[in-house]
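Examining the three-dimensional arrangement
The lines below spell out each chain.
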Amino acid sequence: MSDKVSIITILHGDTEFIPIIHHNYTHFLKTQELELVIVDDGRDNIMDHFVDLPNCLYLHLSEEEILDFMGKIVDGYKEPNKSPLQYQQKLKTLPNGFLRDYGCGLSTHPTLFHMNSDCLYHPKAIDRKCRFMKRVGAECSYCDTMLCHNIYNKELYKTESPYKIYEGTLCHTRDFWKRRGFQWSDIEMEGKYFHYNNGN
């Protein structure tokens with residue numbers, strides 16, 4: 001397991017989560033060399049919010065690029081019902097599967113960790129995952145349960161994924177990703193296809 005980790009974050013122009021991204025990235029335990037890769041298909045380029053972060057690559061996809069990619073995704077989709085993708089196309093928003101795959105392709109380190117923009121992570125989250133993967137010889141790790149916080153009544157609760165995998169907990173090697181990658185048409189729950197029958 002490498003000591004170099006790329007953190008992949010996808011955005012749809014969500015500026016309200018920028019402080020959380022900053023907090024997580026700057027507070028992760030520095031036992032690894034980290035880089036942050038942000039892929040954003042929001043309407044506005046918000047690169048100015050990330051210029052002060054070290055080893056950060058922010059990519060904003062233009063409307064023309066989004067429509068071009070969406071056209072290829074819709075045309076290549078094999079299922080008869082294309083309406084969810086066509087709706088995404090009208091919204092000029094790319095599926096999460098495509099954005100995650102794009103982020104993995106832009107990254108440079110041998111280990112990749114997916115950080116959701118709206119989640120707070122323990123400072124040792126990446127370190128623990130890397131140590132676990134090294135100890136058991138795994139190429140990919142993830143969690144099926146997440147601890148959530150209700151901002152209205154200030155309570156903590158657990159939520160379990162119906163597909164047994166939360167994308168915001170994924171950590172994997174570059175080789176694991178290269179074998180198949182994310183399915184570009186997956187609007188959500190993109191971790192299911194990514195992991196299923198793709199290795200240990």
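All figures in this text were calculated on a predicted structure; none of them were measured in a lab.

As for the side chain of His172
For His172, the position within the fold is in strand S8 (residues 171–173). Within the structure, His172 has its side chain in polar contact with the side chain of His114 (distance 2.9 Å). Here His172 is in contact with Cys104, Pro110, Thr111, Leu112, His114, Met133, Glu139, Cys140, Trp177, Phe182 and Phe194, once residues within four sequence places are set aside.

Comments concerning the confidence of the model for the chain
Confidence in the prediction of the chain, expressed as mean pLDDT, is 91, and 97% of residues score 70 or more. The element-level mean pLDDT for the chain is lowest in strand S6 (residues 145–150), coming to 81, with strand S3 (residues 56–60) highest at 98.

Concerning the pairing of strand S1 (residues 4–11)
Along S1, seven of the eight residues are buried, which leaves the element largely enclosed by surrounding structure. Strand direction decides the pairing type here: S1 and strand S2 (residues 33–40), joined by eight bridges, are parallel. Bridging across to S2, Lys4 finds its partner in Glu33. For S1 and strand S4 (residues 111–114), the ladder comprises four bridges, and the chain directions are parallel. Across the sheet, Val5 pairs through a bridge with Thr111, a residue of S4.

Quick notes on the nonpolar core
Residues Ile7, Phe28, Leu36, Phe50, Phe113, Met115 and Ile126 are the most contacted members of the largest nonpolar core, which totals 26 residues. Elements with a contribution of two residues or more to this core: S1, helix H1 (18–27), S2 and helix H5 (125–136). Among the elements that take part in this core, H5 stands out by supplying four residues, more than any other. Not counting chain neighbours up to four residues away, the residues in contact with Phe28 comprise Ile7, Leu34, Phe113, Met115, Tyr121, His122, Pro123, Ala125 and Ile126. If you look at the next biggest cluster of nonpolar residues, it comprises 23 residues, including Ile8, Val39, Met70 and Cys140.

Points about the environment of Asp186
As for its position among the elements, Asp186 is in the loop between helix H6 (174–180) and helix H7 (190–195). Asp186 gets classed as buried once you look at its relative accessible area, which sits at 14%. Separated by 102 residues in sequence, Asp186 and Pro84 have C-alpha atoms that sit 9.9 Å apart. Setting aside its immediate chain neighbours within four residues, Asp186 contacts Pro95, Asn96, Gly97 and Tyr193. Reaching out from Asp186, the side chain makes a polar contact with the side chain of Gln183 at a distance of 3.1 Å.

Remarks on the side chain of Ser185
As for its placement among the helices and strands, Ser185 is situated in the loop between H6 and H7. Discounting residues that sit within four places of it in the chain, Ser185 has contacts with Ile73, Tyr77, Leu85 and Pro95.

Focus: the environment of Ile126
Counting through the fold element by element, Ile126 comes out in helix H5. For the pair Ile126 and His109, spaced 17 residues apart in sequence, the C-alpha separation works out to 14 Å.

With respect to the packing of aromatic side chains
Under the counting rule described, the total for this entry stands at ten aromatic pairs. Consider the rings of Phe28 and Tyr121, whose centres lie 6.2 Å apart with planes at 55°: the pair is tilted. Remark: Tyr121 occurs in the loop between S4 and H5 and Phe28 occurs in the loop between H1 and S2; sequence separation between them is 93 residues. Residue class for Tyr121 comes out buried when judged on its relative accessible area of 13%. Between the aromatic rings of Phe50 and Tyr58, the centroid separation amounts to 5.5 Å while the plane-to-plane angle is 20°, which identifies the pairing as stacked. You'll find Phe50 and Tyr58 in the same group, each marked buried.

Criteria and thresholds
Residues numbered from 1 in each chain as written. Predicted model: local features only at pLDDT ≥ 70, side-chain atom pairs only at ≥ 80, totals over all residues. Heavy atoms only, no water. Helix = DSSP H or I, 4+ residues; strand = E, 2+ residues; numbered from the N terminus. Polar contact = N/O pair within 3.5 Å; in protein donor to acceptor, adjacent residues only side chain to side chain. Contact = heavy atoms within 4.5 Å. pLDDT = per-residue confidence, 0-100. Buried < 20%, exposed > 50% of the residue type's maximum accessible area, 1.4 Å probe, protein only. Pairing = 2+ DSSP bridges. Core = buried A, V, L, I, M, F, W, Y, C linked by side-chain atoms within 4.5 Å. Phe/Tyr/Trp six-rings, centres within 6.5 Å; stacked < 30°, edge-to-face > 60°.

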